[in-house]
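Here's the letter readout for the chains.
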Amino acid sequence: MAEIPKEEYILPTTSACAGCSSSLCLRYILKASGPDTVLVIPACCTSVIQGMYPRTAVNVPVYNIAFAAAAACASGMSAAFRALGKKTNVIVYAGDGGTVDIGLQSLSGAFERETDFLYLCYDNEAYGNTGMQRSGATPVGARTTTTPAGKAHSRKDIEQIVEAHRPPYLATACSAYPTDLFSKVKKALTLPGSTFIHILAPCPTGWKFPPGKTIEMGKLAVKTGMWVLYEREYGKLAISAPSKAAMATPLPLADYLSPQGRFKGITPDQVQELEREIAARRERLLREAA
Amino acid sequence: MHTIATGNRGVAEAVREAKPGVVAAYPITPQTEIVELIAQYVAQGTMQATYIPVESEHSAMAACIGASATGIRTFTATSSQGLLYMHEMLHWAAGARLPIVMANVNRAVAPPWNVWADHTDALSQRDTGWLQVYVATAQEAYDTMLMAFRIAEHEDVLLPVMVNLDGFILSHTMQPLETTPAGDFIPPLSLPHAIDIKDPAAYSPLTGPEYYFGFRWEIERSMRDARQVIREVEEAFAGKFGRRYGPVEEYRTEDAEVVIVAMGTLGREAQVAVDRLRQEGIPAGAVRLRWFRPFARPDLAGREVVVIDRDYSFGFGGVLAHSLRATTPCNPYSVIAGLGGQEVTYADIAQFVRQRKPGEEFWFGVESHGDV
């Protein structure tokens, strides 16, 4: 198991909600990256979590940028650091809205140009910062403030969209498995070009479960197969250990759905749709990993 | 070196002399020649910049912001729809106090599609915190580009600068151009707030009502300070290269009783009209306004004023006409002419002066005006 450094880059003064998984993820990400790192952050929960001027809870430079612009900003920053002979890690830390919706174009452009950076999407499956409106990453059947009767559409598969750009490294992670996230960030930063990690970040405030159950909810997502942990290095797929076990004997999906207030009122058809999504992804990933 | 070149080439040659570290740009007519030339210079190795061929203008400015934040010199160029698409990031660049320099080739805004000269694109960005200057010749484009980097990067300014040149009329017209090695005219960039991993900071974080206005005031304070910096840099340029510029270019104004005010190439065309009017015994002069932000504020007191706007603010009037009304005692005859590349000759401009009616607005080419 990887040795986790003791240095802390997230100071104990964030303005995150109780039970927030995003600030937990960022803590491990910065332990993996070390201090020679700039975080590029579009509008997202971390815009708030980092603290208000004149204070900051993050002990590496944080460059805040407009919602649609994170990957493009990182493109310029990475090019400039390299031109100045610096190896500084440029890491985008963006929510799902800033990644799969409004930031998708700049993400695609940066990956096509093989920008030397790491793009991290922490996915709480809605616009959390503005009070849980639906995003392109919200699963079907989930209630948000703009889908009060449950979302009618399935979520976008951002991993396959990014995969179509043939990045050297693409992985998934989850806040409930911080050492797995740590190792993946470490690996991504050793590889040149554009790398991507999609992190499931359960949100007690938005998903409506008790703040003490954030880790449990992440584990249930993996154990039910709703979230699969894997990594793809130069195209070669490897399922990560926690998901290998879960994919052999998955827990019932209801174990994940029923503790969450956002899935109250999900229809049997929508549950079936989620199950079909899970099965199709499982089949595809196992086939490719074989 | 004496050569002939388009306005676009004048811009590109000056950018090569200014040695930016990063250029991020997206092509749009009639700016394309600028980015094509820079891409060629980089490919040939005659320019050491990293050229980032971004996927949109929004990303072009975002990439310039990310690059500039590290303390490296950056440049981009755009036009019309591209400038409008950048709008959000124009505010960001100025708010983040980044000395990015941009050439904007002035072009009309759609719909309907029109690729010809018009100032509405740049004037609709007037409140973004960018310095704006309008040029009229290829030589002036070249010279102003060199000055723009020095002005933007000056410690009393640290704001982005937009150099505007009229689409096709200037961007694509071959004119004499003298290129000169810039030497030490543009000092190395020393950005006081460049990202420093040894001194981590949060840039542009959430800022409450008790602090926000202070940052806005700092922009305005620098805009005001920029007037003096512009004067100094234009003076230094004249000393080194022998060509003198100012906030405005005056032509035969000393004894003029009626003054034509315009920006860009129309301001040059107006000078020809002045010669013709003087032959008729009309004591005319011309003021070509170069710096729109900070606003040049020409002294027009005691003179009749004819303003030509190649732009319009709907429900209000010509942007330049109203800017003059607000800043100098005058009651201009406001002429709206040249929109979308509409041809305006010196003969037309002379006629605007002959038919002037102080306080009225006239749309060139429109049959019936009704009341303002």
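Structure report, in brief. Note that the structure is a prediction, hence the values are computed from the model and not measured.

**Some thoughts on helix α3 (residues 57-68) of chain B**
All names here are of chain B. Taking 1.5 Å per residue as the helical rise, α3 with its 12 residues ought to reach 16 Å, and the 16 Å between its terminal C-alpha atoms agrees with that figure. Of all 12 residues making up α3, 12 are buried, and the element is well covered by its neighbours. With a side-chain oxygen lying 3.3 Å from the backbone nitrogen of H58, the N-terminal cap of α3 falls on S56.

**Points about the side chain of N104 of chain B**
Residues and elements named next belong to chain B. Structurally, N104 can be placed in strand β5 (residues 101-106). Judged by its relative accessible area of 0%, N104 falls in the buried class. Here D121 takes part through its side chain, which lies 3.3 Å from a polar atom of the side chain of N104. In this structure the side chain of N104 is engaged in a polar contact, spanning 3.0 Å, whose partner is the side chain of N164. With near-sequence residues (within four places) excluded, N104 lies in contact with T78, S79, S80, L83, D121, A122, M162, V163, N164 and L165.

**Regarding the environment of T130 of chain A**
Residues and elements named next belong to chain A. Structurally, the position occupied by T130 is in the loop between β4 (117-123) and α6 (158-163). Accessibility expressed as a relative area gives 55% for T130, which makes it exposed. For T130 and V185, which are 55 residues apart along the polypeptide, the C-alpha to C-alpha distance reads 28 Å. A polar contact of 3.4 Å, which involves the side chain of T130, links it to the backbone oxygen of Y127. At 2.4 Å, the side chain of T130 and the side chain of Q133 are in polar contact.

**With respect to the sheet that holds strand β10 (residues 248-251) of chain B**
Residues and elements named next belong to chain B. Sheet architecture is open: six strands sit in the order β10-β12-β11-β14-β15-β16, paired in mixed fashion. Both outer strands of the open sheet, β10 and β16 (361-363), are each paired with one neighbouring strand and no more. Shown here is a sheet whose adjacent strand axes are inclined to one another by a mean of 20°, direction ignored. Of the strand pairs in this sheet, β10 and strand β12 (residues 284-289) are connected by four bridges, and their pairing is antiparallel. Paired with E250 across the bridge in β12 is V287. Against the sheet, helix α10 (residues 319-327) engages β11 (258-262), β12, β14 (304-309) and β15 (333-336), with an angle of about 145° to β14.

About the thresholds
- Residues numbered from 1 in each chain as written.
- Chains lettered and ligands numbered in written order.
- Predicted model: local features only at pLDDT ≥ 70, side-chain atom pairs only at ≥ 80, totals over all residues.
- Heavy atoms only, no water.
- Helix = DSSP H or I, 4+ residues; strand = E, 2+ residues; numbered from the N terminus.
- Expected span 1.5 Å × (residues − 1).
- Buried < 20%, exposed > 50% of the residue type's maximum accessible area, 1.4 Å probe, protein only.
- Polar contact = N/O pair within 3.5 Å; in protein donor to acceptor, adjacent residues only side chain to side chain.
- Contact = heavy atoms within 4.5 Å.
- Pairing = 2+ DSSP bridges.
- Axes fitted to C-alpha atoms, helices over the stretch in contact; angles between N-to-C directions.

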